[in-house]
Amino acid sequence: MSREFRLIFVTSLLLMLLGTSRGSAIGICYGRNADDLPTPDKAAQLIQNQNIKYVRIYDSNIQVLKAFANTRIELMIGIPNSDLLPFSQFQSNADTWLRNSILPYYPATKISYITVGAEVTEAPNNVSALVVPAMQNVLTALKKAGLNRKIKVSSTHSLGVLSRSFPPSAGAFNSSHAFFLKPLLEFLAENQSPFMVNTYPYYAYRDSKTNVSLDYALFESSSEVIDPNTGLLYTNMFDAQIDAIYFALMALNFRTVKVMVTETGWPSKGSPQEMAATPDNAETYNTNLIRHVINDTGTPARPGEELDVYIFSLFNENRKPGLESERNWGLFYPDQTSVYRVDFTGRAAPVDGTAGSNVTGGSNGTWCIASSTASEADLQNALDWACSSGNVDCSAIQPSQPCFEPDSIESHASYAFNSYYQQNGATDIACGFGGSGVKTNKNPSYDKCLYMTTGGNKTAATNITANPSTSTSGAGKFSTWIVGYVLMTVLMFF
């Protein structure tokens, strides 16, 4: 084997290994069932400002596709149930749709998944039989365009596709759906596409409060639920629901099909009978969910396994029918202000504020952070002022320091704004910054980045370090070890 060939082989191997260690990802569902939402351009900018890299939309709206061009955000687009009939009947319909609605915008707009139908088993008209033929035609259209390896095809399902979900090891698909589930699962296995499911611990709690505790639904439980068949211990409803899907797949011998959560979340407001639909519970659920996913925790049955999850939803949608909660799943109001604070990096402090409990002082439980509606230019100007004329010690947000990540203007500005706010009496005026600052009663501290409280004239000592520690997922650590091993082996032959 020549030296040049060995070099090419090893380089390819390293790229392959690095490419398989992306880790679990968090995305957002961008629904538009409302008459008061911002334009797609503004929505795309808001998503970028939140450092969100993955977005699910429910159609292939041209204006939305254009808005995400050159943003590096990966889209999951959808073919709605109403279009399943033409897509399933004729290959030419799928070809025309791809040629006219997708190819003109790809790859400037990154598209990773196409969902064909949504929760068809819940649809009032029975369209289940149309799903797999439509999926086949979409896949054939992608093959003709040479995109079948870059864009995966699947369909989303509600948890109602199961006949049993507890205990998780008894998870089983409803036999009444077998006529379409078997060919669908065969399609997924053959094409290495994920089984997409929408899971909502909120509904499990709301509809069965005697059997499901609120803490268990919110990832806050201090006790464990034991699966009597496997002995596996569950501390939250989300993991139990996902493992029920895994066991249902294994029962049908589809062990290689991965699971992807295409919707989950918690409403911030509800009807009188929906007492658990509050901003605090929604923030608790989504904050704990993000941390659980980003850390590549996996589930008791699949520890450490990657699991991509999309949070529902970006905005409150005022045209959705049903109980009050149906219109209040959003992280943002239509005016782009936050319903509650969520950090998509997974580094946010626990919602009870304990992450920063070792910072002494008192500011009546308030901090000052950057407004999510402020422009980047305004935030940058205010940040520059705070770190110079404002006499704020901004060393903690420099590279390799604990508050540098996430590397965004909003995150850095939040740290600087709060330091100025606390050093200047924690008054309303001290959190002005020309309208770019906003007060919060949730401690924004995370990991070793501790936000100051009143009485502190310096950054907490733990915020400055010469040798910062970084958290790495299990998959990332394993990949790093493998890469090092391969490099060492290669050096022996060169």
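Look above for the structure.
Residues numbered from 1 in each chain as written. Predicted model: local features only at pLDDT ≥ 70, side-chain atom pairs only at ≥ 80, totals over all residues. Heavy atoms only, no water.

(A) Structural detail: the packing of helix 12 (residues 376-386) against helix 13 (residues 409-423). Remark: helix 12 packs on helix 13, axes separated minimally by 9 Å, with the N-to-C direction vectors making an angle of 40°. Relative to helix 13, the element helix 12 lies oblique. Judged by the sense of rotation from one axis to the other, the crossing of helix 12 with helix 13 is left-handed. From helix 12, Glu-376, Leu-379, Gln-380, Ala-382, Leu-383, Trp-385 and Ala-386 reach across to helix 13, where they touch Ile-409, Glu-410, His-412, Ala-413, Ala-416, Phe-417 and Tyr-420. (Axes fitted to C-alpha atoms, helices over the stretch in contact; angles between N-to-C directions. Helix = DSSP H or I, 4+ residues; strand = E, 2+ residues; numbered from the N terminus. Parallel < 35°, antiparallel > 145°, perpendicular 65-115°, else oblique. Left-handed = near helix turned anticlockwise from the far one by under 90°. Contact = heavy atoms within 4.5 Å.)

(B) How the structure looks around the sheet that holds strand 1 (residues 26-29). Here we have eight strands rolled up into a closed barrel, ordered 1-2-3-4-5-8-11-12, and parallel in their pairing. Each strand axis lies, on average, 25° off the axis of its neighbour in the sheet, ignoring direction. With four bridges connecting them, strand 4 (residues 110-118) and strand 5 (residues 152-158) associate as parallel partners. By the bridge assignment, Ala-118 is partnered in strand 5 with Thr-156. The sheet strands contacting helix 7 (residues 178-191) are strand 5 and strand 8 (195-198), and the helix crosses strand 5 at an angle near 140°. Contacts between helix 10 (residues 237-251) and the sheet are confined to strand 8, strand 11 (259-264) and strand 12 (309-312), with strand 11 contributing the most and set at about 140° to the helix. (Pairing = 2+ DSSP bridges.)

(C) Inspection of the packing of aromatic side chains at higher detail. Taken as a whole and judged by the stated rule, the model has 20 aromatic pairs. For the ring pair Tyr-415 and Tyr-451, a centre distance of 5.4 Å and an interplane angle of 80° mean the geometry is edge-to-face. Of this pair, Tyr-415 sits in helix 13 while Tyr-451 sits in the loop between strand 14 (437-440) and helix 14 (474-493), placing them 36 residues apart in sequence. Per residue, the accessibility class of Tyr-415 equals that of Tyr-451, and both read buried. Ring centres of Tyr-420 and Phe-433 lie 5.6 Å apart, and the angle between their planes is 70°; on these two criteria the pair is classed as edge-to-face. Taken together, the positions of Tyr-420 in helix 13 and Phe-433 in the loop between helix 13 and strand 14 put the pair 13 residues apart, joining distant regions of the chain. Neither Tyr-420 nor Phe-433 differs from the other in exposure class; each is buried. Cluster of aromatic residues (ring-pair linked, three or more members): Tyr-200, Tyr-202, Tyr-203, Phe-219, Phe-238, Trp-266, Tyr-285, Phe-312 and Trp-329. Geometry around Tyr-30 places Arg-32 over its ring, the cationic atom sitting 6.0 Å from the centre. Positioned over the ring face of Tyr-246 is Arg-302, at 4.2 Å from the centre of the ring. (Phe/Tyr/Trp six-rings, centres within 6.5 Å; stacked < 30°, edge-to-face > 60°. Buried < 20%, exposed > 50% of the residue type's maximum accessible area, 1.4 Å probe, protein only. Lys NZ or Arg CZ within 6 Å of the ring centre and 35° of its normal.)

(D) Region of the structure containing the environment of Asn-33. One can find Asn-33 in the loop between strand 1 and helix 2 (40-49). Exposure remark for Asn-33: the relative accessible area of 31% places this residue in the partly exposed category. Once the C-alpha coordinates of Asn-33 and Pro-321 are considered, the two residues, 288 residues apart in sequence, prove to be 9.7 Å apart. Sequence-distant contacts of Asn-33, defined by excluding residues within four places in its chain, comprise Glu-317, Asn-318, Arg-319 and Lys-320.

(E) View of the side chain of Lys-152. Within the secondary structure layout, Lys-152 lies in strand 5. For the buried Lys-152, which has no salt bridge, the nearest side chain bearing the opposite charge is Glu-190, at an N-O separation of 11 Å. Here Asn-191 takes part through its backbone oxygen, which lies 3.0 Å from a polar atom of the side chain of Lys-152. With residues up to four places along the chain from it excluded, the contact list for Lys-152 reads Ser-112, Tyr-113, Ile-114, Asn-191, Gln-192 and Ser-193. (Lys, Arg positive; Asp, Glu negative; His and termini not counted. Salt bridge = Lys/Arg side-chain N within 4 Å of Asp/Glu carboxyl O. Polar contact = N/O pair within 3.5 Å; in protein donor to acceptor, adjacent residues only side chain to side chain.)

(F) Summary view of the environment of Val-132. For Val-132, the location among the structural elements is in helix 6 (residues 128-144). According to the relative accessible area criterion, Val-132 is buried, its value standing at 13%. The spatial distance from the C-alpha of Val-132 to the C-alpha of Phe-180 is 7.3 Å, given a sequence separation of 48 residues. Excluding anything up to four places from it in sequence, Val-132 contacts Phe-180, Pro-183 and Leu-184.

(G) Here's a closer look at the pattern of salt bridges. For the structure on display, the rule yields 12 salt bridges. The residue Lys-269 makes a salt bridge to Glu-324 at a minimum N-O spacing of 4.0 Å. Residue Lys-269 is found in the loop between strand 11 and helix 11 (279-294), and its partner Glu-324 is found in the loop between strand 12 and strand 13 (367-370); the two are separated by 55 residues along the sequence. Owing to a relative accessible area of 46%, Lys-269 belongs among the partly exposed residues under this scheme.

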